[in-house]
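Secondary and tertiary structure notes
Read off the chains here:
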Amino acid sequence: LDTAEMRFGRIGFFTRMRQRLLLKNGQIERAEREALRAATEAPYDAENHTALAQIYASTGRDSLATNAYTKALEIDKSNPQTILEFAEFLLHRQRNIEFMMAIQSFVELRDVDIATKLEIVEKIIGDKGFVRNNLLLIEPLLARMAELYPDNIEVLDLYAAHLVATNKIDKAGQIFKQRMAVDGPNKEALGRIIEIEQYLDRRDS
């Protein structure tokens, strides 16, 4: 890698490869020098700031890591990999409000397919401990997904299930009706709607 740099100049791919190798071999100070030099020489390359953030995070310097991730996202706010990496960093530090904000910004990305977004969100919802302690943070995310994908059955099912679990029965009924409008009348959706209307004592409905 050193020879390549001498012959061809600094190439981002090789620079980041060297940083990863240095980190893997415990040469943290040298890896940091490399990352700082890269960020100084190419300050508008988001990946240089992300690399620096990884080094800071690995050595427990959370404020510096946060600043570096923030800088990277200021340069390229639509990079899904950087957003998810920053989100993981925030989750490990139990900064849950910021974590959910990062996940919501990921959900907003137009270039990421819905299947990938669902995979990420379902993983979060699958952590019952996290959901139990962050109920108020989960609902806005699912509500926003339902706004973005009003015709996606999986999104509507996730949202409706969460509303039922948080005892927002009337709102859940509205989502089940929306789901049936998309998917057509079916036994399961009609059954849930009937249960909700009966629970709310709206027998005419």
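This structure is a prediction, so every number in the text was calculated from the model and none was measured.

**With respect to the packing of aromatic side chains**
The relation between two aromatic rings is expressed through the spacing of the ring centres and the mutual angle of the planes. Enumeration over the complete set of coordinates arrives at four aromatic pairs. Considering the side-chain rings of Tyr 69 and Phe 89, the 5.7 Å spacing of their centres and the 45° angle between planes classify their relative orientation as tilted. With Tyr 69 in helix H5 (residues 62-75) and Phe 89 in helix H6 (residues 80-92), the pair connects residues that are 20 residues apart, well separated along the chain. Accessibility expressed as a relative area gives 3% for Tyr 69, which makes it buried. A relative accessible area of 4% places Phe 89 in the buried class.

**Some remarks on the pattern of salt bridges**
Tallying each qualifying case throughout the model produces twelve salt bridges. For Arg 95, the salt bridge goes to Glu 98, with nearest N and O atoms at 2.9 Å. Residue classification places Arg 95 among the partly exposed residues on the basis of a relative accessible area of 22%. A salt bridge links Glu 139 to Lys 171; the shortest N-O distance between them is 3.4 Å. With Glu 139 in helix H10 (residues 135-148) and Lys 171 in helix H12 (residues 169-183), the pair connects residues that are 32 residues apart, well separated along the chain. Accessibility expressed as a relative area gives 11% for Glu 139, which makes it buried. Among the charged side chains, a network of salt bridges with common partners joins Asp 170, Lys 177, Glu 197 and Arg 202.

Rules used throughout
- Residues numbered from 1 in each chain as written.
- Predicted model: local features only at pLDDT ≥ 70, side-chain atom pairs only at ≥ 80, totals over all residues.
- Heavy atoms only, no water.
- Phe/Tyr/Trp six-rings, centres within 6.5 Å; stacked < 30°, edge-to-face > 60°.
- Helix = DSSP H or I, 4+ residues; strand = E, 2+ residues; numbered from the N terminus.
- Buried < 20%, exposed > 50% of the residue type's maximum accessible area, 1.4 Å probe, protein only.
- Salt bridge = Lys/Arg side-chain N within 4 Å of Asp/Glu carboxyl O.

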